[in-house]
Each structure stands twice: as C-alpha cells, then as structure tokens.
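# What the coordinates show
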Amino acid sequence: MIRTLVQPTHVLIPPRNHQQIPEFNLQSKEQECLSLLKRCKNMEEFKQAHARVLKWGLFWESFCASNLVATCALSAWGSMAYACSIFRRICEPGTFEFNTMIRGHVKDMNSEEALLVYADMLERGIEPDNFTFPALLKACALLRALEEGMQIHGHILKLGLRDDIYVQNSLINLYGKCKKIELSYAVFENMDQKSVSSWSAIIAANASSGLWCECLMLFCDMNNDGFWRPEESVLVNVVCACTHLGALHLGRCAHGSLLRNISSLNVIVQTSLINMYAKCGAVQEAASLFKKTADKNQLSYSTAISGLAMHGQGREALELFSEMLSEGLKPDDVIYVGILSACSQCGLVDEGLQFFEQMKSEYGVEPTIKHYGCMVDLLGRAGLLIEAYDLIKNMPMKPNDVVWRSLLGACKVHQNLEIGEIVANELLKSNSKNPGDYMLLSYMYARTGRWEDVSRVRTELVEKGIYQAPGFSSVEVQRKIYRFFAQDMKHPHDDGICDMIHQMEWQLKFEGYVPDTSQVLLNVQEEEKRQRLRGHSQKLAIAFALLNSSRGSPIRITRNLRMCSDCHTYTKYISLIYEREITVRDRNRFHHFRDGTCSCNDYW
Ligand code: ZN
Ligand code: ZN
C-alpha cells in the first residue's frame with residue numbers, strides 16, 4: 001500500500017514521491033482521478049469513481065483522498081454523510097481536508113457540526129489558515145454564536161490573519177448578525193482595503209439591527225468612495241431600508257439601478273421591490289410589478305396580498321388569492337394573515353369568517369395567535385364587540401397584548417366603555433408599557449365626561465414612568481423629508497404655516513367642515529380644544545406641503561401614530577378644495593384621499 005506522509009496544505013496538492021511507486025505513472029493516474037471526479041454528476045457516479053480510486057490503490061495518496069472528500073462535500077449533489085465516511089478513513093488529514101469538511105457542513109446549514117470539526121482540528125494540532133475562517137465565522141453567524149465567534153476572532157489575531165479581507169468581511173457579517181454593530185464597525189474601520197463585499201457586509205450588519213438611515217448613509221459613502229459596483233445584495237438591503245423609511249424616491253433609484261445592472265431579477269428581489277412600492281404608498285406600481293413577475297411563488301403572492309390589504313383594496317386582494325389557488329400554489333399561514341387582514345380592512349365579515357373556517361378544514365393550516373388577532377380586529381371593526389370578546393375568551397392560546405389592544409381600539413371607535421374598561425384592565429394587568437393603551441382608555445373616559453377617571457389613568461401613566469412618544473408626521477417635499485410635531489408652530493420651515501392653516505380652515509368651513517372637538521382629551525374650553533386640533537401634526541405637514549410643492553402634485557405623509565377622525569375628515573376636504581391627492585401612512589395602513597373621499601371609505 002502506498003502512503004505519502006506529506007502534510008497537505010490548502011492548495012491542491014501536487015503529486016509527490018513518484019519514486020515510491022515505480023510500477024505506474026502516478027501523475028497520470030492522479031490526473032485521471034481528477035478528471036473522473038470532475039465528470040461526476042450525482043452520487044451514483046461519484047461512488048463508482050470512488051470504487052475506481054480504491055481499486056487503483058490510490059486512496060492513500062493524499063491528493064486523491066483530498067479531492068474525493070472535496071468533490072463529495074462541496075458539490076451541489078454531494079452528501080456530507082458520505083464525505084464524513086471518507087474523511088474518517090484519511091489517516092492524517094491536514095488543513096485542506098478540515099477546511100473542506102467545515103465548508104461542507106456550512107453549505108448544508110449544519111453549523112454545529114462545522115464547529116465540532118474545528119474543535120477536532122485544534123485538538124489534533126492542525127493549524128487553521130485564512131481559508132478556515134470565512135466558513136467557520138459564517139457558521140457562528142448562522143448560529144448567532146457570539147461567544148464562539150469572539151473566541152475564533154482571538155485565534156485569528158494570534159495567527160496573524162487580521163488583515164485578510166475575506167476574514168474581515170466575515171467578522172463584520174458575524175457581529176452584524178449577532179447585533180453587535182459596534183464590533184462590526186471596529187473591524188470595518190480598521191480595514192486597510194475595503195471591497196464591495198466589505199461595504200455590503202457593513203450595510204447588511206446595519207440592516208439586521210434595523211438601522212435603516214445608517215444603511216442609506218453608508219450606501220452614499222460607498223458611492224462616494226468610488227467602490228460603486230452595483231451588487232444585488234447591497235441594492236436589496238437599500239430597497240429594504242427604503243421600505244422601512246418610506247423613502248419612495250430613493251427606492252425607485254435603487255430599482256432603476258437593479259434594472260440597469262442585473263440582467264434578470266430573481267423572484268426574491270422582485271418581491272422585495274413589490275413590498276417597497278406597496279409600503280411606500282405606490283400601490284399601483286407594486287401591482288404592475290407583481291403582474292410582470294415571472295415564476296410567482298407563495299411569498300410574492302403573500303407580499304402582494306398584504307400590500308393590497310394595507311391600501312384598503314380588499315376585493316383585489318381576494319382576487320389574487322383565488323388566482324394563486326388556481327395556479328396550484330398551496331396557501332400557508334402567512335398568506336392567511338394577509339387574507340384575513342384584507343377582509344378586516346374592508347369590512348368583509350362573512351368572507352373573513354369563511355376563510356378562517358376554511359384555512360384549517362380545507363388546507364390544514366392551524367390558526368395561530370396572529371390569525372385570531374385578525375379575527376378580533378375583523379369583528380371589532382364591524383362593531384361586533386361581544387363576538388370579538390367571546391372569541392378572545394375561547395381562544396386555544398393565551399391572548400397577547402396585540403389581540404387585546406385591537407379590541408380596545410374597536411371599543412373606542414364604537415364607543416363601548418363597558419367592554420373597553422374590561423379590555424383595558426386586562427392590558428394594564430399584563431403590565432403593559434404601551435402608552436397608547438392608557439390614552440385609549442382615557443379617551444373613552446373623556447368622551448363620557450368622566451374627567452376624574454381621565455386624570456386617574458393619566459397619573460398612573462406618569463407614576464409608571466411610561467413615556468408617550470410625541471406624535472409626528474413626515475412629508476416628502478422636493479426629495480427631502482420634513483418632520484412636524486403636534487402643536488409645533490415654531491417649526492424651522494415655518495414660513496407661513498400658521499397663515500396657511502388659517503386660510504385652509506376658512507375654506508374648510510365654507511365647505512361645511514365642523515371641527516370634531518371630542519378628539520381632544522382635555523377638560524378645557526371649546527375654543528382651546530379647537531386650537532389644539534388645529535395644531536395636529538398632519539395638518540401642519542399638509543399646510544407645509546401645499547405651500548412648497550407644485551400645484552396638483554401628490555402629497556405623501558407618514559405618521560407614527562394613528563390619525564384622529566378629525567384629521568381624517570379635514571384631509572378629505574383638503575383633497576377636494578386644493579385638488580390634491582394625499583396619501584397618509586399610519587402604523588397600520590394607508591389612506592388615499594382624493595376628491596373629498598378616502599380609499600378606506602371611512603372604515604378604519
Ligand atoms: Zn388629528
Ligand atoms: Zn381613510
């Protein structure tokens with residue numbers, strides 16, 4: 001038996017020790033072995049090749065053994081179990097073989113095994129190299145194993161591999177996935193040389209921590225640094241950031257860049273674009289992009305369905321759903337969340353109840369708390385408060401805050417203090433830190449003139465140290481975003497906002513608008529209530545946009561809190577008087593105001 005006792009390295013091992021095997025030309029046999037392995041297309045062919053290599057007595061030649069393991073572990077058709085069995089027979093595996101095994105396990109998403117192979121490698125005294133770490137760090141990133149990752153970072157420093165760009169990129173990625181963004185930056189900023197992948201890694205790290213503004217700023221820095229080579233992974237994160245920030249203009253630019261630079265967008269990219277357009281208020285663009293998507297899958301359908309639902313286009317959402325079924329795609333739990341919320345947004349109670357029944361009986365999708373939440377929302381919005389309350393009491397799981405909160409919102413809209421108080425107490429009992437719960441309850445008390453209860457709830461809010469984030473509205477004017485807070489009449493961009501508000505109100509009154517002072521939760525005089533209403537952030541944003549944008553151009557507003565019904569009525573009138581299309585996105589949905597009506601048909 002022929003054995004070479006060479007220490008394999010990470011490169012393919014050149015044939016050695018020819019003189020030991022004079023009976024045939026080793027080099028040509030090695031070449032034959034390599035080309036045999038290259039031709040393998042499946043495990044069957046691979047096993048035959050393996051048998052040939054054994055027959056030639058070449059397995060103990062490390063070049064052949066290494067290539068056998070690598071082919072079996074890293075090919076798309078390969079088998080890690082089989083690769084392991086070959087690996088175990090190698091007497092003295094070296095760095096190359098260990099690296100192969102680590103990479104193979106990571107490819108199979110078997111990160112724990114990869115870490116075990118690394119431990120084995122260290123135990124046997126085999127020194128890792130720069131090819132070991134990218135795969136190993138990826139395994140840690142997949143496991144979110146920060147501690148192990150930091151230990152490995154220590155080994156990297158010890159081995160003097162800190163300047164290897166692939167290792168650095170993998171470290172940025174690992175710390176990003178573990179939400180240790182400051183550690184990602186520490187690596188990124190110490191790099192002598194950055195590649196597109198380094199920028200991509202730091203942008204992705206910010207994205208996994210939800211730091212969307214930072215993503216866009218880094219994207220600009222990257223362009224300024226001259227590292228601009230449009231790469232799908234970077235652009236996808238940029239599209240995702242735009243989705244979260246409602247930055248339609250930049251989102252469109254990213255879309256353009258994708259179209260110019262990537263020959264065919266895959267379904268994942270297409271879906272993230274559909275999501276971006278829908279969440280940025282451009283539902284038409286989302287719909288037409290969806291139509292153009294080839295090979296639609298469940299995810300693209302569910303994105304389009306929830307997009308339509310958000311915009312109050314429930315009927316269209318249901319049509320898509322039947323289209324999906326007719327294409328033979330099976331609905332999953334995510335799609336049912338979209339469908340049920342479409343029914344809920346549009347008041348389709350009977351349809352909603354039917355779908356809720358059907359999901360389990362026909363498609364075997366077990367309803368989760370999210371589905372129950374949608375049903376409570378559906379019944380609550382329709383004013384079926386008792387039915388909604390009964391549903392919560394009979395749920396197979398413990399109701400969470402979200403479920404209670406949606407019923408509380410419904411109690412507010414339908415002015416049912418009796419159930420409202422029960423629900424609010426459930427929420428406060430669960431130690432809710434959500435100021436909105438207290439506000440809703442105090443609103444209901446204020447509505448019925450129970451001012452003592454109002455101040456009791458308010459005091460509780462202060463005593464528990466719960467902070468109510470101030471309401472604001474942002475508006476995009478000439479590609480810039482301006483933010484307005486309620487009652488903030490001294491805005492830096494104030495020029496004439498106050499005058500504009502007065503002018504608007506004068507015209508509104510002429511059309512028959514009466515301020516709904518019941519929306520003000522203060523026990524103060526009517527005139528002061530009117531003054532408070534006037535200062536709602538949405539109105540300031542509209543006044544600013546009317547002053548600073550060209551006639552007839554659409555106005556897009558994003559709010560952090562739900563809009564009050566007075567702002568809703570007010571905006572309807574404005575869209576009629578000033579002939580503007582106004583889109584408002586609040587936490588849950590979009591309102592499209594046009595010609596004095598809203599797309600929600602006042603059902604929200
Ligand atoms: Zn308002
Ligand atoms: Zn509306």
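Owing to the predicted nature of the structure, the values given are computational and were not obtained by experimental measurement.

### Looking at the nonpolar core
Ranked by internal contacts, the top residues of the largest apolar core, which has 149 residues, are I102, F133, I152 and L407. Among residues more than four places away in sequence, those in contact with L407 are V376, L385, A388, Y389, I392, I419 and V423.

### Some remarks on the pattern of salt bridges
Under the criterion given, the structure shown has 19 salt bridges. With its nearest N and O atoms 3.5 Å apart, the salt bridge here joins D120 to R124. The partly exposed category is assigned to R124, whose relative accessible area is 43%. For the salt bridge of R530 with E527, the shortest nitrogen-to-oxygen distance reads 3.8 Å. On the criterion of helical spacing, the pair formed by R530 and E527 is a turn pair, its members being 3 residues apart in helix α28 (residues 526-534). A relative accessible area of 45% means that E527 is categorised as partly exposed. Beyond isolated ion pairs, a larger network of salt bridges with shared partners links E421, R450, D453 and R456.

### Re the layout of surface pockets
Of the voids in this model, the second largest pocket is the one considered here, and its volume is about 800 Å³. In this structure, the second largest pocket is lined by 33 residues; those nearest its centre are L245, G246, A247, S474 and I481. Listed by contribution, the elements that provide at least two residues to the lining of the second largest pocket are α12 (212-224), α13 (232-245), α14 (248-261), β1 (472-477), β2 (480-485), β3 (555-559) and β4 (582-585). Along the lines of polarity and charge, the residues of the lining of the second largest pocket split into 15 nonpolar, 8 polar and 10 charged.

### Structural notes on the sheet that holds β2
Working definition: the strands of a sheet are paired by backbone hydrogen bonds and lie parallel or antiparallel to each other. In space, the 6 strands of this open sheet follow the order β2-β1-β3-β4-β5-β6, with mixed pairing throughout. Because the sheet does not close on itself, it has two edges, and the strands there are β2 and β6 (597-598). One ladder, built from 6 bridges, connects β1 with β2; its direction is antiparallel. Opposite S474, over in β2, you have R483 as the bridge partner.

What counts, and at which threshold
Residues numbered from 1 in each chain as written. Chains lettered and ligands numbered in written order. Predicted model: local features only at pLDDT ≥ 70, side-chain atom pairs only at ≥ 80, totals over all residues. Heavy atoms only, no water. Core = buried A, V, L, I, M, F, W, Y, C linked by side-chain atoms within 4.5 Å. Buried < 20%, exposed > 50% of the residue type's maximum accessible area, 1.4 Å probe, protein only. Contact = heavy atoms within 4.5 Å. Salt bridge = Lys/Arg side-chain N within 4 Å of Asp/Glu carboxyl O. Helix = DSSP H or I, 4+ residues; strand = E, 2+ residues; numbered from the N terminus. 1 Å grid on protein atoms, 1.4 Å probe; cavity = no way out; pocket = protein on both sides within 12 Å on 5 of 7 lines; lining within 4 Å. Points joined across faces, edges and corners; volume = space filled by probe spheres on them. Nonpolar A, V, L, I, M, F, W, Y, C, P; charged D, E, K, R; others polar. Pairing = 2+ DSSP bridges.

It is worth stressing that arrangement in space is one thing and function is another; only the former is reported here.
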